[in-house]
Amino acid sequence: MAKATGLTWTIEDADHMTQAEIYGEVLTQIGLKDKRVVALTADLARSTKIGKFEEKIPERFYNVGIAEANMIAIASGMTEAGLIPVVSTFATFASMRAAEFVRTDLCYQKRPVKIIATHSGTSFGQAGTTHHCTEDLAIMRSFAGMTVIAPADAYETARAVAACIDWPGPVYIRIGRGFEPPMHKSMDFDFEIGKAIRLREGRDLTIIATGVCVLQALEAAERAAQNGVSVRVLDMHTIKPLDEDAVREALLDTRRIITVEDHTVIGGLGDAVADVIARTGKGCAFRKLGYQDCFSMVGYYEDLLHNYGLDADGITDAIAQVLKAEFEQDEDWEDEI
Amino acid sequence: MLDAKERKRLKDKARQLREKIVEVTYTCGGAHIGGAFSQHEILVALYYKAMTVDPKRPDWEDRDRFILSKGHGGIGHAVILGDLGYFDPKLLMDFNKTGSPFGMHLDRLKVPGVDFSTGSLGHGLALGVGAALGARQVGKAWHTYVVLSDGECAEGSVWEAAMAASNFKVSNLTAIIDRNKFSLDGPTETLMRLEPLDKKFEAFGWKALSIDGHDFDQILDAIEEARAEKERPTVIVASTVKGKGVDFMEDKAAWHYAGLDDAMRDKALACIRAGK
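Residues numbered from 1 in each chain as written. Chains lettered and ligands numbered in written order. Predicted model: local features only at pLDDT ≥ 70, side-chain atom pairs only at ≥ 80, totals over all residues. Heavy atoms only, no water.

### What about the side chain of serine 171 of chain B?
Residues and elements named next belong to chain B. Looking at the secondary structure, you find serine 171 in the loop between α6 (156–167) and β3 (173–179). Looking at serine 171, its side chain comes within polar contact range of the main-chain oxygen of lysine 230, at 3.4 Å. Residues in contact with serine 171, not counting those within four places in the same chain, are His143, Ala226, Glu229, Lys230, Glu231, Arg232 and Pro233. (Helix = DSSP H or I, 4+ residues; strand = E, 2+ residues; numbered from the N terminus. Polar contact = N/O pair within 3.5 Å; in protein donor to acceptor, adjacent residues only side chain to side chain. Contact = heavy atoms within 4.5 Å.)

### Side note on the sheet that holds strand β10 (residues 238–240) of chain A
All names here are of chain A. As summarised here, the arrangement of the seven strands in space is β2-β1-β3-β4-β6-β5-β10, forming an open sheet in which the pairing is mixed. A strand with exactly one partner marks an edge of an open sheet, and here the two such strands are β2 (61–63) and β10. Geometrically, the sheet is characterised by an average inter-axis angle of 20 degrees between neighbouring strands, direction not taken into account. Sheet analysis places strand β1 (residues 37–41) next to β2, joined by three bridges and oriented parallel. From the neighbouring strand, threonine 41 faces β2, where its bridge partner is asparagine 63. (Pairing = 2+ DSSP bridges. Axes fitted to C-alpha atoms, helices over the stretch in contact; angles between N-to-C directions.)

### Here we look at the domain arrangement of chain A
All names here are of chain A. When cut into domains, chain A gives domain 1 (17–174) and domain 2 (197–327). For domain 1 and domain 2, the distance between their C-alpha centroids amounts to 26 Å. Residue-level contacts link 28 residues of domain 1 with 30 residues of domain 2. For domain 1, the biggest contributors to the area lost against domain 2 are Thr122, Thr134 and Arg141; these three give 27% of the whole. Summed over the shared surface of domain 1 and domain 2, the result is 19 residue pairs in polar contact (both at pLDDT 80 or more). Sorting the residues of the side of domain 1 that touches domain 2 by element identifies α7 (136–141) and β5 (147–149) as the ones contributing at least two each. A per-element tally of the side of domain 1 that touches domain 2 places α7 first, with four residues. Taken together, the residues of the side of domain 1 that touches domain 2 sort by class into eleven nonpolar, twelve polar and five charged. (Domains from an automatic or database assignment. Buried area = accessible area lost by both parts, 1.4 Å probe. Nonpolar A, V, L, I, M, F, W, Y, C, P; charged D, E, K, R; others polar.)

### Quick notes on the pairing of strand β8 (residues 205–209) of chain A
All names here are of chain A. Taking burial as the measure, the five residues of β8 include five buried ones, the bulk of the element. With burial as the criterion, each face of β8 is covered, one bearing Leu205, Ile207 and Ala209 and the other bearing Thr206 and Ile208. In this sheet, strand β9 (residues 231–235) lies alongside β8 in parallel orientation, the contact comprising five bridges. Bridge pairing in β9 links threonine 206 to arginine 232. In this view, the connection linking β8 to its parallel neighbour β9 by way of helix α9 (residues 213–226) has right-handed handedness. Here β8 pairs with strand β11 (residues 256–264) via four bridges, running parallel. Within the sheet, the bridge partner assigned to isoleucine 208 lies in β11 and is threonine 259. (Buried < 20%, exposed > 50% of the residue type's maximum accessible area, 1.4 Å probe, protein only. Right-handed = clockwise from strand over helix to strand, strands pointing away.)

### Side note on the sheet that holds β3 of chain B
All names here are of chain B. Reading across the sheet, the five strands line up as β1-β2-β3-β7-β6 and stay open at both edges, with parallel pairing between neighbours. With partners counted over all chains shown, the strands left at the sheet margins are β1 (65–68) and β6 (207–212), one partner each. Between one strand axis and the next, the sheet turns through 20 degrees on average, direction left out of account. Across six bridges, the pairing between strand β2 (residues 144–149) and β3 is parallel. Within β3, the position partnered with tyrosine 145 by the bridge is threonine 174. Of the strands in this sheet, β1, β2, β3 and β7 (234–239) are in contact with helix α3 (residues 40–50), which crosses β2 at around 170 degrees.

As structure tokens, then:
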């Protein structure tokens, strides 16, 4: 396949510290200070970068072999001793192979186990559908008591990992394969679980994006600005609990909303946002970008995002469509929202 | 070896609590009574002799941990916890009723004394491995006990946990299998063969002991032997009788889950009392 347009990076471009490497480093720093923190993996210490923890703190590192469900239950048991286990494996295994263990042994029992699920979405592009994970946001947000976070880049991942340790109950942090480009310039920004980051102001339309798609949304908003269209961009890093106020404000201020996620359009960010919109009873031009009830083809991640309309090109097309879309106007809009 | 007085104390307690299980089953309309009776002496031995627990401090951090991996035995577990004073045993009369803290499978956040919420089979051994590893990590001396059903051993996750327990040399973990030889749909050996169960665990690196699961001397001797083992986890394969103590229930898969009418209750109670 020809190199797709829309992205300026490739998976070979890893001379900066990657998303996964930064989380590995941050987690190690946390572990050195906080003896409650233990790290577990299921034969993916190197792939997930949680192996950095093992290098520095081997006495609090457990590799359970290729047994993800077992890892989750063991982590649950460890909390009985006051420990805070951080487990890392690929998103597809954490969210689906081990799903019932996550639900029953972590969420139901309110156990403070933190899951760092790597290689989410189609970030492991060439590995194919067995190693893609476009369902985890939907699965995880359906579990009562689970907090679900999809950081936009390495810096945000670092902030999320730091924030999750003392956050009550289980947390699911979804990141990519580790080669995603940075969106923030440093770790110095306001980050709060459950609070969207308004990255760009806009009047005509709001893009609510999560994970790797946030950077693409910013790029699309920049292009729109060059054409005189004012686009707000929300980095919705926390899928649950969702920042409903930010969604309602976007609805009130711009009346046109696009959601973007490296995930199926069923049950993820888009549906969470749609639920908030529907409850307001207000008309809104709305479009969900994601995988449209399909499994992804194999390929380079940037090609896949382009093919499925999740990069700046695809979002730009969606902006044009949503600007043209009609919706019911309410005379008393501002009174009732 | 127990002295005669201690043996009688445990046997009397077991009989009294078996009667209580019949009463609660009668009142609540149905329960997993067959498995509650097969596991019964194991749980009585643990709670009234072997384990270090304090009903006045259910969250005491130095207590031994207990996991009923066969969560459907919850009625037997709840009756013991009520008897020990973890909660008012009168509450058990609401078992299964809408809004009750007690369902068939006990919830640790609702029932004081329950360390882990179970019910979905194949979770408990891994939870136990975690609890035991956690104790070792923080330097605590408490021991973790997991009671499994035999049918549950068809779950692959049991063997993931068995492998991990052995790999990490979790000797502060003891698993006891209630080997009543029945799962829901029939005898384990014709449904999904388990034997040689002890040899399977040995092959996974465990110390394996085989005992009569209704004999207090054998149960407590085996637990003592397990506690003395410092290199590997121990499994006690406890041969039991499903529905033990009530003649019309014994070895009948139909009594996995059932209710009791007045005549059955009276007959069951008479049978248990005659077992003196």
